[in-house]
Amino acid sequence: MQPKTILTLMLLFILSLSLAQEEGSPLRKGKKRRGGQRQGRNKQLRQRSSDVPIRLGNVPVTNADDSSPIFIQSYKSVDEFESNYNILPGKKGQCTYHGITMFENAVWSPKPCITCMCSKGNIACDEVKCTPLSCPITVKPTGECCPVCTDIEPNDPSELGLGPPHAHADLEERRREEEEEQLKEEEEARQEEEERLRKKDEERKKRRKQKKLEEERQRQLFEERRREEEELREKVEEEEGERRRERQEEEQQRRRQEEEDRRNREQAEERERHRRLQEERRQEEERRRRIEEDWRELEEDREDSREEEEYDEDDLRGDVFRMPPRVPKPEGVPPLRPPAPENIPPYSTLPVGCMISDVTLSCNNAKLTGIPPLSVRGLKSLNLEGNAITTIPAEAFNGIPNLEWIDLSKNKITTAGIHPQAFKNLKNLKRLNMDGNLLDQIPSDLPSTLEEFKINENNLQSMDEDSLQDLSNLITLELEGNMLSEGNVSPLAFKPLKRLSYLRLGRNHFRTVPQGLPASLEELYIENNLIEEISETAFNHTKSLNIVVLRHNKIDESRIARLAWINHENLESIDLSHNKLYHVPSFLPKSLIHLVLVGNQIERIPGYVFAHMKPGLEYLYLSFNKLDNEGIDPVSFFGAYHSLVELFLDHNQMTAVPPGINEMRSLLSLRLNDNKIRHFEPEAICDPLNIEDLNIVTLRMDNNLIDTRNISPTAFSCIRSYSSVVLKPQKIK
């Protein structure tokens, strides 16, 4: 037998033996049992191949042919294995894998080169790890998982006993294709997912950007709208301020013009009156001169004729004198004195010191002891001021019944010296002045036509409900300088005065505001009394009040009731100077325009004390108090910045210009003189941020401690005329 034949037989025997061992091995049998299921599970096993856990340890494996244990070196620490497969422990150590029951110690291969084992009801799998080879030519024998090195380049795999031709190559090719397809699908899925996430992120970013753009656009629109509204508001305020200043200037100009016109009229009337008086006096002197000349001529004629005439006394009654029958009376010669009433000694001429002009007779300071007998029915005004008249008889004014004004001031008239019927026949009397007499009661039976009654500086002791009876037309009543108080003035004393608008009660002894003031009252002057408080009911019925003067009393701000006058709509002027105030009073009237607080002990202006006033306080006088800079803060003048026209803070204790002065756009006059101001900030008067000039026409800062050489050049730049600023002298050397 040839060696070649022997070699061929030996190779066939070895191949046959190898095939017999493969068919009898448990792995092959497991493959046969799963032959029908392998095609259905290949894809599932490939998907899970990346999740097959790999554990190393000594796990006994039972051989299918015999029961002798086989130890696989790669199975170690089986007890620590935690499988990722869906495993349900079976009974008595059995395992269930994809619906197939595996007995204890059963071993199977779900994929090539992966071996699994059932151990104590748990499944442990192991994948063969191949050692990297450095040889240039490797082959993978049939049934093996790892390639081996070889120097032979085989032309036919069957020559090396690797099984049927192309079988393993096709299987390996299909597996690679499937794996590549799976990887491709996973890559495409991953790329799609990344693309979807990228698009979603881009969409989210786009929406966020659009939202930001929209928010920015809305914010810009809002800012533009706000700026437009602010500009419009500032423009409206500026126009309103300009109109208000124009109105104020026009009003001031009108008032100055009216005052000037009034003074001019009064001066013209006074000049005209003086001229008429001079002319009448000249004419009177001329008439008297002619009468005296005629009289002397007549006397000379009578002396020459030596004829004496006897005259009857009765012939003189009612006549000034009677000429002799033979001497004719000169034409146009007036009598030397007016006809005298019966039982009254006739005056040969007007009383010495009296002057008559048109419808006015003036006998002031003529040393009269009684009312002269007069019979001039057209006389309207009678002035008897400054005489020594003590009585007013019943027939005192019978010859002058049309009088409208009588001045009996500064005489010595007593209540007992006035006859009850003295003023009864004066049906047109409107003004009566009885100041400076000795009256202890108001005269009775005064004419109901009376509109003005002055009875100041007397000795009035009381006023009952009948004292002013029937004076329903009275408008002005003055009762200053008497002995009146709330104890002797009846609350019903003012009830008959339905039209009273002007009342003076100064220099009396009132401790409270008298009760029962008429509802028509507009001006009340009650200064120089002993008033200590203003109660809530003091002005309940006087809703028409416009001016209240309470200076020189004993009022403390804590004694002014909250509701005393805050709701008065017409009360525009209050004078509380020279009282006992330590703070500017709160709860002042809402309509207040003019407030005088001079000569108190005020140390503080509370914040927002003027905030409730409409249209706003215009005149505030705080001179001669104890104000310092700690007592004034930025909100002290809140509510009055736009309205203040005059502000007097002179003769206080301030060391700097108070805050807020540079915001007072309507201010015309400011007094800060006679304080302790040492430091003068450049923006104290003129705000550099405001380009508008102030309207100040008078600014006094003299008699302080200011070094005028250190004043900033822009300190008064907003004041239109530097001549309006008074800085000298200062109290520094």
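For clarity, every value in this text was computed on a predicted model and none was experimentally measured.

## What about the pattern of salt bridges?
Stage number 1. Applying the stated criterion to the full structure yields 28 salt bridges.
Stage number 2. The residue Glu-223 makes a salt bridge to Arg-226 at a minimum N-O spacing of 3.0 Å. Placement of both Glu-223 and Arg-226 in helix 4 (residues 167–305) is noted, with a separation of three residues, approximately one turn of the helix.
Stage number 3. By relative accessible area, which is 22% here, Glu-223 ends up partly exposed.
Stage number 4. In this structure, Arg-559 and Glu-533 form a salt bridge, with 3.5 Å as the shortest nitrogen-oxygen distance. Taken together, the residues span a long stretch of sequence, with Arg-559 in the loop between strand 20 (547–549) and strand 21 (573–575) and Glu-533 in the loop between strand 19 (523–525) and strand 20 at a distance of 26 residues.
Stage number 5. For Glu-533, a relative accessible area of 31% translates into the label partly exposed.
Stage number 6. Through salt bridges with shared partners, one network takes in Glu-457, Glu-480, Arg-504, Arg-507 and Glu-527.

## Section: a nonpolar patch on the surface
Stage number 1. Taken together, the side chains of Leu-7, Leu-11, Phe-13, Ile-14 and Leu-17 make up a nonpolar region of the molecular surface, amounting to roughly 530 Å² of accessible area.
Stage number 2. Mapped onto the fold, Leu-7 is located in helix 1 (residues 3–24).
Stage number 3. Given the relative accessible area of 52%, Leu-7 is considered exposed.

## A look at the sheet that holds strand 8 (residues 122–127)
Stage number 1. What the three strands build is an open sheet, ordered 6-7-8; its pairing is antiparallel. Two strands bound the open sheet, and with one partner strand each, they are strand 6 (107–111) and strand 8. Averaged over all pairs of adjacent strands, the angle between strand axes in this sheet comes to 30°, irrespective of strand direction.
Stage number 2. The pairing of strand 6 with strand 7 (residues 114–119) spans three bridges and is classified as antiparallel. Bridge pairing in strand 7 links Val-107 to Met-117.

## Considerations on the nonpolar core
Stage number 1. Ile-392, Phe-397, Phe-423, Ile-534, Trp-565 and Phe-610 are the most contacted members of the largest nonpolar core, which totals 114 residues.
Stage number 2. In this view, Phe-610 contacts Val-584, Leu-595, Ile-605, Leu-617, Leu-620, Ser-636, Phe-637, Phe-638, Gly-639 and Ala-640; residues no more than four positions away in its chain are not counted.
Stage number 3. One finds Cys-95, Ala-106, Trp-108 and Ile-114 within the second-largest nonpolar core, a separate group that totals 10 residues.

## Section: the confidence of the model for the protein
Stage number 1. In this model, the protein carries a mean pLDDT of 78, and residues with pLDDT of at least 70 account for 77%.
Stage number 2. Low pLDDT, under 50, characterises residues 156–163; the stretch is placed with 10 contacts to residues that sit more than four places away or in other chains.
Stage number 3. Below pLDDT 50 for its whole length, residues 306–348 participates in 41 contacts with residues either more than four positions away or in separate chains.

## A word on the state of the cysteines
Working definition of a disulfide: a covalent bond connecting the sulfur atoms of two cysteines.
Stage number 1. This structure, assessed with the given rule, holds four disulfides.
Stage number 2. In this model Cys-95 forms its disulfide with Cys-118; the gap between the sulfur atoms is 2.0 Å. Its S-S torsion of approximately 80° makes the covalent link between Cys-95 and Cys-118 right-handed. Within this pair, whereas Cys-95 is found in strand 4 (residues 95–97), its partner Cys-118 is found in strand 7, the two being separated by 23 residues in sequence. Comparing Cys-95 with Cys-118, the two get one shared label, buried.
Stage number 3. At a sulfur-sulfur separation of 2.1 Å, the disulfide partner of Cys-354 is Cys-363. Because the sign of the S-S torsion sets the handedness, a value of about 125° for the bond joining Cys-354 and Cys-363 places this disulfide among the right-handed ones.
Stage number 4. With relative accessibility at 0%, the residue Cys-363 sits in the buried group.

## Some words on the side chain of Glu-478
Stage number 1. For Glu-478, the location among the structural elements is in strand 17 (residues 476–478).
Stage number 2. One buried charged side chain, Glu-478, makes no salt bridge at all; its nearest oppositely charged neighbour is Lys-454, positioned 4.2 Å away.
Stage number 3. Contacts of Glu-478, omitting those with residues within four sequence positions, involve Phe-453, Lys-454, Ile-455, Asn-456, Tyr-502 and Arg-504.

Conventions we followed
- Residues numbered from 1 in each chain as written.
- Predicted model: local features only at pLDDT ≥ 70, side-chain atom pairs only at ≥ 80, totals over all residues.
- Heavy atoms only, no water.
- Salt bridge = Lys/Arg side-chain N within 4 Å of Asp/Glu carboxyl O.
- Helix = DSSP H or I, 4+ residues; strand = E, 2+ residues; numbered from the N terminus.
- Buried < 20%, exposed > 50% of the residue type's maximum accessible area, 1.4 Å probe, protein only.
- Patch = residues over 30% accessible without salt bridge, like charges linked within 9 Å, V, L, I, M, F, W, Y side chains within 5 Å.
- Areas by Shrake-Rupley, 256 points an atom, 1.4 Å probe, with all protein chains shown as cover.
- Pairing = 2+ DSSP bridges.
- Axes fitted to C-alpha atoms, helices over the stretch in contact; angles between N-to-C directions.
- Core = buried A, V, L, I, M, F, W, Y, C linked by side-chain atoms within 4.5 Å.
- Contact = heavy atoms within 4.5 Å.
- pLDDT = per-residue confidence, 0-100.
- Disulfide = S-S within 2.5 Å.
- Lys, Arg positive; Asp, Glu negative; His and termini not counted.

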